[in-house]
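Architecture at a glance
If you want the building blocks of each chain, they are given just below.
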Amino acid sequence: MQNSSLVTLANHSREKIEYLIRMAHEFEKNPNRRLLDGKVVATLFFEPSTRTRLSFETAANRLGARVIGFADPKVTSGTKGETLKDTIMMVSNYADVIVMRHYLEGAAQYASEVAPVPIVNAGDGANQHPSQTMLDLYTINQTQGKLDGLNIYMVGDLKYGRTVHSLLMAMRHFSPTFHFIAPDELAMPDIYKRYCEEHGIRYVEHQDFNADTISDADILYMTRVQKERFVDLDEYERVKDRYLLKCNMLKKARPNMKILHPLPRVNEIEYLIDETPYAYYFQQARNGLYARQALICDVLGITLDDIQKKL
Ligand code: CP
């Protein structure tokens, strides 16, 4: 019903992505711009979250909006049997935009088709996480000074990790070379490898994870093994600690290399790495505020020009 929803970045043009980065940059200069006075933003989180929910809510607050919503679906009438459609229709009566995280792939698309207000996908199952991708793109551009022609290593759970699926698709305009490092059980799904082939994106698959393998990385994108998506917990136990990034693995790293992680981390990055100049995951999370301010504004029809005028 409402076509300004953000379900995925896969259909965004290069120009649109660069425009959103410029919007986010304005918010980095000054996040307190009351562009949403009188608006209400709803955050509906059917799955746990720390960063995504809190940064969306901070974004809304710093834009002058009010926030309603829930962080735990157990406190909602979903427990009495209310459907997703009815929940979305109800909340649309109260809010101007709905930010939703759901455990089912396709839930955001479905919500966008029934809702009379814009939906912003805050993660749908193992499918897409476009607001994470927007902050990832912002961070990559910030640390590398460009998005084009980078060597991007994705490590860990490439099967269930929605952040890597989303990022891979959004990078199609920027001629990346991807390196996928994962055990067989968590390899990048064929659908995304086909996507690379169809869009002329180079990729290499590895199982080794050592100083030599990652020596030409510009971005080392670590991911958590997504326990909550495993049907067989024995399989999770077998793969969960397969790839741990240790300090001695950085001895051949390029000087510009940055380690990103959507967080939370569990056992993928040794804590000592936090003290190295390569670690960038906490700054990456901070960029989530600016990227999400840009996305909320965009789905509500607020332009870069509007933002620049509201100092
Ligand atoms: N990166 C991310 O989605 O983190 P949360 O699950 O804490 O929102």
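Preceding this paragraph is the structure being described.
Described below are features of the structure shown in this document. (Residues numbered from 1 in each chain as written. Predicted model: local features only at pLDDT ≥ 70, side-chain atom pairs only at ≥ 80, totals over all residues. Heavy atoms only, no water.)

1. A short note on the sheet that holds strand E2 (residues 66-70)
- Strand order in this open sheet of four strands is E2-E1-E3-E4, and the pairing throughout is parallel. Of all strands in the sheet, those with a lone pairing partner are E2 and strand E4 (119-124), marking the two edges. Across the sheet, the mean angle from the axis of one strand to that of its neighbour is 15 degrees, orientation sign disregarded.
- Sheet topology places strand E1 (residues 40-45) next to E2; five bridges connect them, and they run parallel. Bridged to threonine 43 within E2 is glycine 69. (Pairing = 2+ DSSP bridges. Helix = DSSP H or I, 4+ residues; strand = E, 2+ residues; numbered from the N terminus. Axes fitted to C-alpha atoms, helices over the stretch in contact; angles between N-to-C directions.)

2. A few points about the pattern of salt bridges
- Under the defined criterion, the tally for this structure stands at 20 salt bridges.
- The salt bridge partner of lysine 193 is aspartate 190, with a shortest N-O separation of 3.6 Å. Linking lysine 193 with aspartate 190, this pair stays in helix H7 (residues 190-198), spanning three residues, or about one helical turn.
- Judged by relative accessible area, lysine 193 falls into the buried class, the value being 13%. (Salt bridge = Lys/Arg side-chain N within 4 Å of Asp/Glu carboxyl O. Buried < 20%, exposed > 50% of the residue type's maximum accessible area, 1.4 Å probe, protein only.)

3. Some words on the environment of valine 114
- By the element assignment, valine 114 lies in helix H4 (residues 107-114).
- Put simply, valine 114 and tyrosine 138 are 24 residues apart on the chain and 31 Å apart in space, counted from C-alpha to C-alpha.

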